[in-house]
Amino acid sequence: MESLRIIEIVGTAAFSIAGAFAAMEKKLDVFGVFIIAFITALGGGTLRDVLIGKVPVNWMLDLSSAVVVLITTVTVLFFKSVIKNYHNVLLFFDSIGLGFFTVVGIHTGIALDLHPVISISLGTITACFGGVIRDVSLSNIPLIFQKEIYATTCIFGGLIFFILSWLGVPKMPVEIICLVSIVVFRLLSVRYHWHLPTIYKPEQPSS
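Residues numbered from 1 in each chain as written. Predicted model: local features only at pLDDT ≥ 70, side-chain atom pairs only at ≥ 80, totals over all residues. Heavy atoms only, no water.

Looking at an unreviewed UniProt entry, one finds the chain named Trimeric intracellular cation channel family protein, with Gelidibacter maritimus as its source organism. We quote the UniProt Sequence similarities (unreviewed entry) comment for the chain here in full: "Belongs to the UPF0126 family." The annotation that UniProt attaches to the chain under Subcellular location (unreviewed entry) is "Cell membrane". (UniProt positions renumbered as here; feature names shortened; annotations may be inferred.)

In structure tokens, the structure reads:
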């Protein structure tokens, strides 16, 4: 459980950074930056806990996650003047958060003895839905609903997790390979503009 706790803390910090930079892109005030960082970091886990009937949710019972968000966001605000491209930083740390939180969500399902498909779903919800709430709050279409490869990376990592587990690979290497594969896959998809097939025809320019 110690490794899982470290994974959760790193994921919380990463999503806090992503949320803070997303808020600063929209030029929100300090309070707004903290709110967006908070919902980005803890929104997915909150929805997961509600779905499995775990209430009060985790961050209400253990304030350490909220403290991580607070410290991380203060640090971001302190160093914001030296960051030139908010969007690139957002994408980088959002990718890290995806990998780490997918592992946390999968372990939640395993602890409840749920089917692997449901465990992967919980991992995807934990990783993605803080970003959904963030994007909706900032009047953006959430990445998960666009053609970008986003939730797909979590599902891909979840499959790797269970395949390696069935092959008898020890727990810690499984976690590391899973989260690294998600982060790398997401970063590569952004770098090389990989996307899911579109169901819409491209708009023709009006004559």
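Still more ground to cover, so stick around.
1. Quick word on the overall build of the chain
Within the chain, the secondary structure is distributed over eight helices and zero strands. Starting at the N terminus and walking to the C terminus, you meet the elements of the chain as α-α-α-α-α-α-α-α. In terms of C-alpha radius of gyration, the chain reaches 17 Å, essentially the compact-globule figure of 17 Å for 207 residues. With the principal axes as the frame, the chain shows a C-alpha extent of 55 × 45 × 30 Å. Of all 207 residues assigned to the chain, the portion counted as buried reaches 46%. (Helix = DSSP H or I, 4+ residues; strand = E, 2+ residues; numbered from the N terminus. Rg over C-alpha atoms; globule rule 2.2 N^0.38 Å. Buried < 20%, exposed > 50% of the residue type's maximum accessible area, 1.4 Å probe, protein only.)

2. A word on the pattern of salt bridges
In the structure shown here, the tally under the stated rule is seven salt bridges. Two residues, Lys171 and Glu175, come together in a salt bridge whose shortest N-O distance is 3.2 Å. Within this pair, Lys171 and its partner Glu175 are both found in helix α8 (residues 171-191), separated by four residues, close to a single helical turn. The exposure class of Glu175 is buried, given its relative accessible area of 1%. Among the ionic contacts, a cluster of salt bridges with common partners joins Arg5, Glu8 and Asp62. (Salt bridge = Lys/Arg side-chain N within 4 Å of Asp/Glu carboxyl O.)

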